[in-house]
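Structural characterization, general
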Amino acid sequence: NKPHLWDGKNDPYLYRTEVEIVSSKKVVDNAVQPLGIRFYYIDPDRGFFLNGRPYPLRGVCMHEGQLDKGNALTDAERKSDLDMVNEMGANYMRISHYQHGNFTYNYLDTLGIVCWAEIPLIDYIIDSEEFTLNCETLLKSLIRQLYNHPSVIVWGLSNEINFYKGPDPLPLIKHLNDLAHKEDPTRPTVLAAMHHEKPTNFVPDAFSINPYYGWYYGKAEDIGPALDRLHKKYPKACIGISEYGAGAHPYHQQEGLYVPATTGHWHPENVQAHFHEVHLKAINQRPYLWSTSVWAMYDFASDNRHEGNQPGINDKGLVTYDRRIKKDAYYFYKANWNPSPMIHLCGKRFVKHDKAETVIKIYSNCDEVKLTINKKNIRLRKTENSIFLSELVMLQEGENKIVAIAYKNGKEYRDSMVWYYVNNAN
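These remarks concern the structure in this document. Everything numeric in this text was worked out from a predicted model, so none of it was measured.

1. Let's talk about the pattern of salt bridges
All chains considered together, the criterion is met by 26 salt bridges. Between glutamate 64 and arginine 78 there is a salt bridge, and its shortest N-O distance comes to 2.5 Å. Here the residue glutamate 64 occupies a position in the loop between strand E8 (57–62) and helix H1 (75–88), and arginine 78 occupies one in helix H1, the gap between them amounting to 14 residues. Arginine 78 matches glutamate 64 in its accessibility class, with the two residues each being buried. Measuring nitrogen to oxygen at the nearest pair gives 3.2 Å for the salt bridge that ties arginine 94 to glutamate 243. Pair noted here: arginine 94 is in strand E9 (residues 92–95) and glutamate 243 is in the loop between strand E14 (239–241) and helix H6 (269–284), with a separation of 149 residues, a long-range link. In terms of burial, arginine 94 and glutamate 243 fall into one category: buried. When salt bridges with common partners are traced through the structure, they connect Glu64, Asp75 and Arg78 into a single cluster.

What follows is the structure, encoded as structure tokens:
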């Protein structure tokens, strides 16, 4: 009568459902299923509500794959990947673009991270009975296998289904939407759309767009007005962002925010970080967005790509494919989503500078931050979303030792790096 609610990351309380088959007084089979009791809905103006309260879903998309392993992951490796997502502070994941290992959903239940689960219906369709039957099998399997997981809150029907020319996908999407509701009347249906106003977008209960303003087209600052136009034109539609991101090679560094050729070899890390700073600001200003997910948590294999000096890799991840380097953008989200005190100096890999004048950027969720260069105090100003910027500073020739210190509740948090200025005029 008064259940202990599963309340996302606030309190991911789980019951257990134990089922036994008994024959001749002997247990011949048994199963244990998760049970989390919660209620939720999506409002077109106010976003996602969990247990009667606003609960903005902010997180990442993630492929299941690692360097030299492909998709053949152990549960320990799945756990390690999800722990890093949790450490960053995300409360939501889009499980891309197929069903992942069962451990993933069990662990998300215990972490309290809400997820979107989807079938691999991507880019275009084939107009045949066999293709339709395969889509039906995929969707029914997804729903029947994951039905009991409280972390799963929506069923994804497709991704960018209008990307290539071909047969009209609208009849199939309508069919799959009806099938999902028949299999599970309790969960909303969704899809991810590249084109913002295709008829397929308005079939499921909610949809999300995959915008790449500031990377493949336009400016990063275009994202806010684009979202507002869509929301104004379709006020009853529940709109989110299923993908947004920019490529970054962690050892590509530059002064300024020149956006490179996206298919070229040069993908500077600071451009990715700025892209996410602009997008998160726009997201925070728009409570109608029911969910948003960064593309992607980790760099991943993509055999037709030859860009960013990493052939066969999509480098939009916040963390490298080998999991060894967390890019600056990862720490930007951690500063905004994880309340634990932290500080991070940006540009650690920008070791060699050929200009003396520069600005240093810091991500920190602490109120007070101090910066020194070669033991000299540098003035800082706090901008939006946990970003601190230094005044214009002059690097000395040779080595420059940079130290940042943050303070919160009487405790001190430090980060440091070394930059070298080489005066080419000499």
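That shown, we press on.
2. Comments concerning the side chain of histidine 97
Position of histidine 97 relative to the elements: it lies in the loop between E9 and helix H2 (102–111). Take histidine 97: its relative accessible area is 8%, and that puts it in the buried class. A polar contact is formed between the side chain of histidine 97 and the side chain of arginine 94, at a distance of 3.4 Å. Non-local contacts of histidine 97, meaning those with residues more than four positions away in its chain, are made with His63, Glu118, Ile119, Pro120, Ile122, Asn159, Glu243 and Trp295.

3. A look at the sheet that holds strand E18 (residues 343–345)
Where strands meet in a sheet, backbone hydrogen bonds hold them as pairs that are either parallel or antiparallel. One open sheet accounts for four strands, arranged E18-E21-E25-E24; its pairing is antiparallel. Sheet topology places E18 and strand E24 (380–382) at the edges, where each strand pairs with a single neighbour. Neighbour to neighbour, the strand axes of the sheet diverge by 25° on average, direction disregarded. Two elements, E18 and strand E21 (residues 361–364), share three bridges in a ladder whose sense is antiparallel. Each residue of the ladder has a partner; that of histidine 344, found in E21, is tyrosine 363. Most of the contacts of helix H7 (residues 328–337) go to E21, to which it runs at about 40°, and overall it touches E18, E21 and strand E25 (387–390).

4. Regarding the layout of surface pockets
In this model, the largest pocket occupies a volume close to 770 Å³. Here the second largest pocket is characterised by a volume of approximately 430 Å³. Elements represented by at least two residues in the lining of the second largest pocket include exactly H6 and E25. If one sorts the elements of the lining of the second largest pocket by residue count, H6 sits on top with four residues.

5. Structural notes on the packing of aromatic side chains
All chains considered together, the criterion is met by 18 aromatic pairs. Each ring, one from tyrosine 124 and one from tyrosine 164, has its centre 6.0 Å from the other, and the planes form 70°; the classification is edge-to-face. Of this pair, tyrosine 124 sits in the loop between strand E10 (114–118) and helix H3 (129–146) while tyrosine 164 is found in the loop between strand E11 (152–159) and helix H4 (170–183), placing the two residues 40 residues apart along the sequence. On the basis of relative accessible area, tyrosine 124 is assigned to the partly exposed category, the value being 42%. Counting every residue linked through ring pairs, the aromatic cluster contains Phe332, Tyr333, Trp337 and Tyr363. Above the ring of tyrosine 147, the side-chain terminus of arginine 187 is found at 5.5 Å from the ring centroid.

6. Structural notes on the state of the cysteines
Tallied over the entire structure, the rule returns zero disulfides. As a non-bridged cysteine, cysteine 115 has cysteine 61 as the owner of its nearest cysteine sulfur, 12 Å distant. A residue is classified by how much of its surface remains accessible, and cysteine 115, at 0% relative accessible area, is buried. With no disulfide of its own, cysteine 366 lies closest to cysteine 346 among cysteine sulfurs, the gap being 15 Å. On the basis of relative accessibility, which here comes to 0%, the residue cysteine 366 falls in the buried class.

7. Examining the environment of glutamate 136
Residue position: glutamate 136 is located in helix H3. With 124 residues separating them along the chain, glutamate 136 and proline 12 place their C-alpha atoms 32 Å apart. In this structure glutamate 136 touches His175, Leu176 and Leu179, once residues within four positions along its chain are discounted.

8. Thoughts on the environment of lysine 140
With respect to the helices and strands, lysine 140 occurs in helix H3. On a C-alpha basis, the gap between lysine 140 and threonine 110 in space is 24 Å, while along the polypeptide they are 30 residues apart. Among residues more than four places away in sequence, those in contact with lysine 140 are Leu179 and Glu183.

9. Structural notes on the sheet that holds strand E5 (residues 40–43)
Taken in spatial order, the three strands of this open sheet run E5-E6-E7, and their pairing is antiparallel. The sheet is open, and its two edges are formed by E5 and strand E7 (53–54), each paired on a single side. Both E5 and strand E6 (residues 47–50) contribute to a ladder of four bridges, which runs antiparallel. Looking at E6, one finds that tyrosine 41 is bridged to phenylalanine 49.

10. Thoughts on helix H5 (residues 223–233)
Each full turn of the α-helix corresponds to 3.6 residues, which orients residues three or four apart in the same direction. Restricting attention to buried positions, one finds in H5 the residues Ile223, Gly224, Ala226, Leu227, Leu230 and His231. The arc that holds every buried residue of H5, seen down its axis, measures 165°, which confines them to one face. Exposed residues pointing more than 90 degrees away from the buried face of H5 are listed as Arg229, Lys232 and Lys233. Check the buried side of H5 and you find it contacts strand E13 (207–209), E14 and H6.

Cut-offs and rules
Residues numbered from 1 in each chain as written. Predicted model: local features only at pLDDT ≥ 70, side-chain atom pairs only at ≥ 80, totals over all residues. Heavy atoms only, no water. Salt bridge = Lys/Arg side-chain N within 4 Å of Asp/Glu carboxyl O. Helix = DSSP H or I, 4+ residues; strand = E, 2+ residues; numbered from the N terminus. Buried < 20%, exposed > 50% of the residue type's maximum accessible area, 1.4 Å probe, protein only. Polar contact = N/O pair within 3.5 Å; in protein donor to acceptor, adjacent residues only side chain to side chain. Contact = heavy atoms within 4.5 Å. Pairing = 2+ DSSP bridges. Axes fitted to C-alpha atoms, helices over the stretch in contact; angles between N-to-C directions. 1 Å grid on protein atoms, 1.4 Å probe; cavity = no way out; pocket = protein on both sides within 12 Å on 5 of 7 lines; lining within 4 Å. Points joined across faces, edges and corners; volume = space filled by probe spheres on them. Phe/Tyr/Trp six-rings, centres within 6.5 Å; stacked < 30°, edge-to-face > 60°. Lys NZ or Arg CZ within 6 Å of the ring centre and 35° of its normal. Disulfide = S-S within 2.5 Å. Arc of directions from axis to C-beta.

In short, geometric facts, not functional conclusions.
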